[in-house]
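Commentary on secondary and tertiary structure
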Amino acid sequence: MRIFILLLFLLNSFSNNLFAQTKTPTKPEIKKLAKEAVVYLNNANFEKSISLSRQVLHYATSIKDDYLIAVSYNTLAANLDELSEFDKAILYYNKGLFYANKTNNDTIKNWINNNLGNVYCFEKKQYEKGIRHYKKSLEYSQKAADTSQIVFTKLNIAWVYFDIGHFDEGFPYLKFINTYHPKFGDKSTIVVLNMLNGMYFGSKGENQKAESYFSNAIKLGNLEGTKSDLSYSHQEYSKFLLKNGRYKEAYENLALYNTIKEELYNQEKLKKADIAGVHLELDEYKREVDKIEVEKNLQAQSLKKSKIIVILFIIALLVVLMLLYSVYKNYSFKKKANQELTIANEELIIAKERAEEASLLKTQFVSTMSHELRTPLYGVIGITNMLLDEHKELANSPHLSSLKFSARYLLSLVNDILHINKIEENRIVLESAAFNVSDEIIMIKNSLSFIAQNNNDTIIVAVDPDIPEYLIGDKLRLSQILMNLVSNALKFTKNGEIKITANLVKVENKSHYIEFQVKDNGIGIAADDQDKIFEKFVQVGRNENDYQGTGLGLAIVKRLVTLFNSNISLESEVGAGTTFKFTIAFDYDPDKTNEIINSIKVDLTSSQIFKILVVEDNKINQTVTRRIIEKNNCSCAIVNDGFQAIEILEKETFDIVLMDINMPMMNGFETTRKIRLNGIKTPIIALTAFAKDEITEEAISAGMNDIIIKPFEPLKLFKVINDQINKARKAEAALPIA
């Protein structure tokens, strides 16, 4: 492989030297080469077409002719289009369009827009983008008064609408073509025109007319049409025959379609075209290097100009010093005002201290309420799961399902209140992890599919293919934003659709700016309410519908978006729906991404039976925790308080201890400290309803190894148990033997 690549570079270097030594052809000669490249393309000789187009691009670049550069990129893209390299084709079409827009030639702009319409509609199936390019092509055709090109473009638009089954929308275009094609059309499109008439009349049940047009299309295709148009005619005729129960004839036409396709795309041609494509990409790399050299020269010129900037800076500094002197002279006049400000500041300090005291009391209240609500919820959710496990006949019970839903709903309300409190106190720090934007959005769609089904809603996802596979950022906070927005859209949309889109809007260095949109066609938001919906505990629409919730979802969204140094906007119309938009910059660094991905440890859950001690004073929680542990084939011992825990650990050996924090007589922290003072090194995991960031520091100082927040997923609990036991055993194995 290395020798092959070296040979490619040597060949490319030799060809470059040859170009340098050979006299550049005249513009008419270059145009002739460009036309020959198109002829080879039409004959499916992709190798020759790409090779000639490369020469045209080289010559056109050397004489700086934007029109010929655009023509060569258009032909190159058309070859890649035919070779099914659609993303590369779009890239080169857009390069061609860039240079075409520098010219006054509307014809080349028309061609490239028409070709982009073809790729987006017939290959990428992005019909909205494709039709937009077609309509742009029509504008240039009309501007140039080129009726033949108008006929050609409208032929493509009609084909697109027929391809997706929108025959009524496509018929006006077909009608226009049928009227003007005899005068302004050409032989290259007569086959497709007959095929489209066959498709239209076939869709309307006028089989005799359809049969006549299809037969004429195939006849003309065999006589003088292009093989690709002939193949499409056989394909559409096969569909028509199949629809009318003429299976044998349908099969024969489908076989003819496949035969022509194989002839057009034989492996030898594709192989040679790939080699020519390598040369093309090497030329592109060379041009990029030339651009870098130009940028270096510009930087050198910029350094020369910096001397002038330094001189201006010194002058500005002198002006500032003069202003400072003036301020000093006026100081005595402002002394009295400063004394008044000092008094006002003292009053503000007192007010600030009172506000901080009130904020502390609020934080303590929220924390206490969170703990007191989570503790019974752990029991409710756990016992509900136990009932479902032990009594399979209750799996479809609406009462049990309602109980489980209500408990989880109440838990989500508690989490919302705690979350908004953390954001307001600036206790949330964004994390950096590698993630896939598309995967995160699909996961949100799947998570909310049940709600969507209940409302008879459809969730549509559209992710820009230009977004890199992996970006670096806080995927959890992004998921929270999108989850809240989509949940809100589902809440106010019945029998409609919610569309989630992500588009790459710009790239600056390693930062990729992604614009996210969540659009619904629900009840909409009145203009008077749009300024209020991001406030806490505010809900609109309750006069007509009973929409549940805390009114914190959008408030959390706005604050999380702010953490990303961004803003969220909305567009809404009552009865028509609502669109939320926000843009977030994520890093794209392949090396760092690989490092993050490789550092992720794979969790291989051990099948070993562990002996676990549970320290818990709540009887219901004891039952739930015991059930979870024993269901995972581990043994479980339970004690009611810290004193019993210390006593049993002095007599028996356990693999791990699950320690409650809020216990009578002696809390979990104090119990852990005494266990460590006794020389017991068994891993201890805090099993608590307190928020993790509230107790982390004290838990570590007391000697605890990790923290699990109730209610929890059993899988997460046993992952932490496995990790801590493995760490403890490795540490024990590393100790020197006495």
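The paragraphs below set out a description of the structure included in this document. (Residues numbered from 1 in each chain as written. Predicted model: local features only at pLDDT ≥ 70, side-chain atom pairs only at ≥ 80, totals over all residues. Heavy atoms only, no water.)

1. Some details on the packing of helix α19 (residues 475-491) against helix α20 (residues 553-563)
Two elements in contact, α19 and α20, have axes separated by 9 Å at closest approach and are oriented at 145°. Helix-helix and strand crossings are classified by hand; for α19 and α20 the assignment is left-handed. Together, Arg477, Gln480, Ile481, Asn484, Leu485 and Asn488 of α19 and Gly553, Leu554, Ile556, Val557, Leu560 and Val561 of α20 make up the contact between the two elements. Each residue belonging to the contact of α19 with α20 can be placed in one class, and the counts come to seven nonpolar, four polar and one charged. (Axes fitted to C-alpha atoms, helices over the stretch in contact; angles between N-to-C directions. Helix = DSSP H or I, 4+ residues; strand = E, 2+ residues; numbered from the N terminus. Left-handed = near helix turned anticlockwise from the far one by under 90°. Contact = heavy atoms within 4.5 Å. Nonpolar A, V, L, I, M, F, W, Y, C, P; charged D, E, K, R; others polar.)

2. Concerning the packing of helix α2 (residues 27-42) against helix α3 (residues 46-63)
At a minimum axis separation of 8 Å, α2 and α3 run at an interaxial angle of 155°. Classified by the interaxial angle, the pair formed by α2 and α3 is roughly antiparallel. Like other packed secondary-structure pairs, α2 and α3 cross with a definite hand, here left-handed. Contact residues: Lys27, Ile30, Leu33, Ala34, Glu36, Ala37, Tyr40 and Leu41 in α2; Phe46, Lys48, Ser49, Leu52, Ser53, Gln55, Val56, Tyr59 and Ile63 in α3. Its residues placed into classes, the contact of α2 with α3 shows eleven nonpolar, three polar and three charged. (Parallel < 35°, antiparallel > 145°, perpendicular 65-115°, else oblique.)

3. Some details on helix α6 (residues 106-123)
Helical periodicity: at 3.6 residues per turn, an α-helix aligns residues three or four positions apart in one direction. Between its first and last C-alpha, α6 extends 25 Å over 18 residues, near the 26 Å set by a 1.5 Å rise per residue. Counting buried positions over the 18 residues of α6 gives 15, a clear majority of the element. One side-chain oxygen at the N-terminal end of α6 lies 2.9 Å from the backbone nitrogen of Thr107; it belongs to Asn105. Residue Lys125 follows α6 closely and has a positive phi angle near 60°. (Expected span 1.5 Å × (residues − 1). Buried < 20%, exposed > 50% of the residue type's maximum accessible area, 1.4 Å probe, protein only. Polar contact = N/O pair within 3.5 Å; in protein donor to acceptor, adjacent residues only side chain to side chain.)

4. Observations regarding the pattern of salt bridges
Going through the model one piece at a time under the given rule, you end up with 22 salt bridges. Note that Glu206 and Lys209 form a salt bridge whose closest N and O atoms lie 3.6 Å from each other. Residue Glu698 is joined to Arg673 by a salt bridge in which the shortest nitrogen-to-oxygen separation is 3.9 Å. Here Arg673 lies in helix α24 (residues 668-677) and Glu698 lies in helix α25 (residues 692-702), a separation of 25 residues in the sequence. Residue Glu698 is classed as partly exposed on the basis of its relative accessible area, which comes to 36%. (Salt bridge = Lys/Arg side-chain N within 4 Å of Asp/Glu carboxyl O.)

5. Focus on the sheet that holds strand β12 (residues 706-709)
In space, the five strands of this open sheet follow the order β9-β8-β10-β11-β12, with parallel pairing throughout. In the strand order of this sheet, the two ends are held by β9 (635-639) and β12, each with one partner. Adjacent strand axes in the sheet meet at a mean angle of 25°, parallel and antiparallel pairs treated alike. Examined bridge by bridge, strand β8 (residues 611-615) and β9 share five bridges and lie parallel to one another. Bridge pairing in β9 places Ile612 opposite Cys636. Lying over the sheet, helix α23 (residues 642-651) contacts β8, β9 and β10 (656-659), oriented at roughly 155° with respect to β8. Sheet strands in contact with α25 are β11 (684-688) and β12, and its direction is about 155° off that of β12. (Pairing = 2+ DSSP bridges.)

6. Quick look at unusual backbone geometry
Its identity is not glycine, yet Asn495 carries a phi of approximately 55°, on the positive side. Relative to the elements of secondary structure, Asn495 occurs in the loop between α19 and β4 (497-508). Take Asn495: its relative accessible area is 58%, and that puts it in the exposed class. In this structure, Asn633 is a non-glycine residue whose phi angle is positive, near 65°. Its location among the elements puts Asn633 in the loop between α22 (619-631) and β9.

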